[in-house]
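Structural features, examined
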Amino acid sequence: MRDSHEKGTGAASVLLLPNSMATSVIPIQSTALYSALMRIRPAQACDVLKRILGVRRRFVKTRAGHNFYVDPVSILGYELMRTGVHEPELTRIFWSVLRPGDVCVDLGGNEGYFSVLAAAAVSPSGVVHCIEPQSRLQSILQSNFEANHCDNIRIHRVAISDDETPVRLFLR
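The structure contained in this document is the topic of the report that follows.

Criteria and cut-off values
- Residues numbered from 1 in each chain as written.
- Predicted model: local features only at pLDDT ≥ 70, side-chain atom pairs only at ≥ 80, totals over all residues.
- Heavy atoms only, no water.
- Helix = DSSP H or I, 4+ residues; strand = E, 2+ residues; numbered from the N terminus.
- Buried < 20%, exposed > 50% of the residue type's maximum accessible area, 1.4 Å probe, protein only.
- Contact = heavy atoms within 4.5 Å.
- Areas by Shrake-Rupley, 256 points an atom, 1.4 Å probe, with all protein chains shown as cover.
- Pairing = 2+ DSSP bridges.
- Axes fitted to C-alpha atoms, helices over the stretch in contact; angles between N-to-C directions.
- Right-handed = clockwise from strand over helix to strand, strands pointing away.
- Salt bridge = Lys/Arg side-chain N within 4 Å of Asp/Glu carboxyl O.
- Arc of directions from axis to C-beta.

**Remarks on the overall build of the chain**
- When helices and strands are tallied, the chain shows 6 helices and 8 strands.
- The order of α-helices and β-strands along the chain, N terminus first, is β-β-β-α-α-β-β-α-α-β-α-β-α-β.
- Taken across its 172 residues, the chain has 38% of its residues classed as buried.
- Residue pairs at least 24 apart in sequence account for 49% of intrachain contacts in the chain once pairs closer than 6 positions are excluded.
- Of the roughly 10,500 Å² of accessible surface on the chain, 54% is carried by carbon and sulfur atoms.

Have a look at this one:
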């Protein structure tokens, strides 16, 4: 459902979304650039181009009013910038299932999108356990939780397995 339109501003075209879909206006050139960069492989080549072009993480507000410090050239960041919501069906499930006082476990918390949703849904007396083993994401999680005043999220830097044998986590 695309109820958007383009408007010429002289310097750049701007994609205007209805108020129900977005809280900010993003230049079309930016979304086109971000979309193109997302298709570049290997990912390390994209990282070099992002540095050259000055593409950096930025705060984006969701339709629900939450703030996330995202990479605009990631699936999460791109979707939040374009539509204000990530994985809409799962987002609806979170809002419909979780209640104040519940305990939620977010396995593979990534950048904390679903942990933040859960924290809002289970507040004030509930708690969210965000399980994310990647060390590079710990500061991003902390930034996103602080930006949304989520005092009821506990970050656990561990991996979950059905085997107690220590393993190495390899990431690109």
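**Some thoughts on unusual backbone geometry**
- Cis geometry is adopted by the peptide bond preceding P42, which originates at R41 and carries an omega value of 0 degrees.
- Relative to the elements of secondary structure, P42 occurs in the loop between helix 1 (28–38) and helix 2 (43–53).
- A positive phi angle, close to 45 degrees, is found at E87, a residue other than glycine.
- Positionally, E87 belongs in the loop between helix 3 (75–83) and helix 4 (88–97).
- With relative accessibility at 39%, the residue E87 sits in the partly exposed group.
- The phi torsion at N110 lies on the positive side, around 50 degrees, for a residue other than glycine.

**Notes on the sheet that holds strand 8 (residues 153–156)**
- Read across the sheet, 3 strands follow the order 6-7-8 without closing on themselves; strand pairing throughout is parallel. The outermost strands of the open sheet, each flanked by one partner alone, are strand 6 (103–107) and strand 8. Mean inter-strand twist for the sheet, computed between neighbouring axes without regard to direction, equals 15 degrees.
- One ladder, built from 4 bridges, connects strand 7 (residues 127–131) with strand 8; its direction is parallel.

**Comments concerning the pairing of strand 7**
- When you tally the buried positions in strand 7, you get 4 out of 5 residues, the bulk of the element.
- By the bridge criterion, 5 bridges tie strand 6 to strand 7 in an arrangement that is parallel. Along strand 7, the bridge assignment pairs L107 with I131.
- Note on the crossover from strand 6 through helix 5 (residues 113–122) to strand 7: the handedness is right-handed.
- Once you follow strand 7 into helix 6 (residues 138–147) and on to strand 8, the crossover reads as right-handed.

**Some details on the pattern of salt bridges**
- On inspection of all chains with the given rule, the structure shows 5 salt bridges.
- The closest approach of N and O atoms between D71 and K50, which form a salt bridge, is 2.5 Å. Of the two residues, D71 is situated in the loop between strand 5 (67–70) and helix 3 and K50 in helix 2; the sequence distance between them amounts to 21 residues.
- Given a relative accessible area of 14%, D71 falls into the buried group.
- For E111, the salt bridge identified is with R57, shortest N-O distance 3.1 Å.

**Concerning helix 2**
- Listed in full, the buried residues belonging to helix 2 are A43, C46 and K50. For helix 2, the angular spread of the buried residues around the axis is 50 degrees, confining them to a single face. Pointing more than 90 degrees away from the buried face of helix 2 are the exposed residues R51 and I52.
- Directly beyond the C-terminal end of helix 2, a positive phi value near 75 degrees is found at G54.

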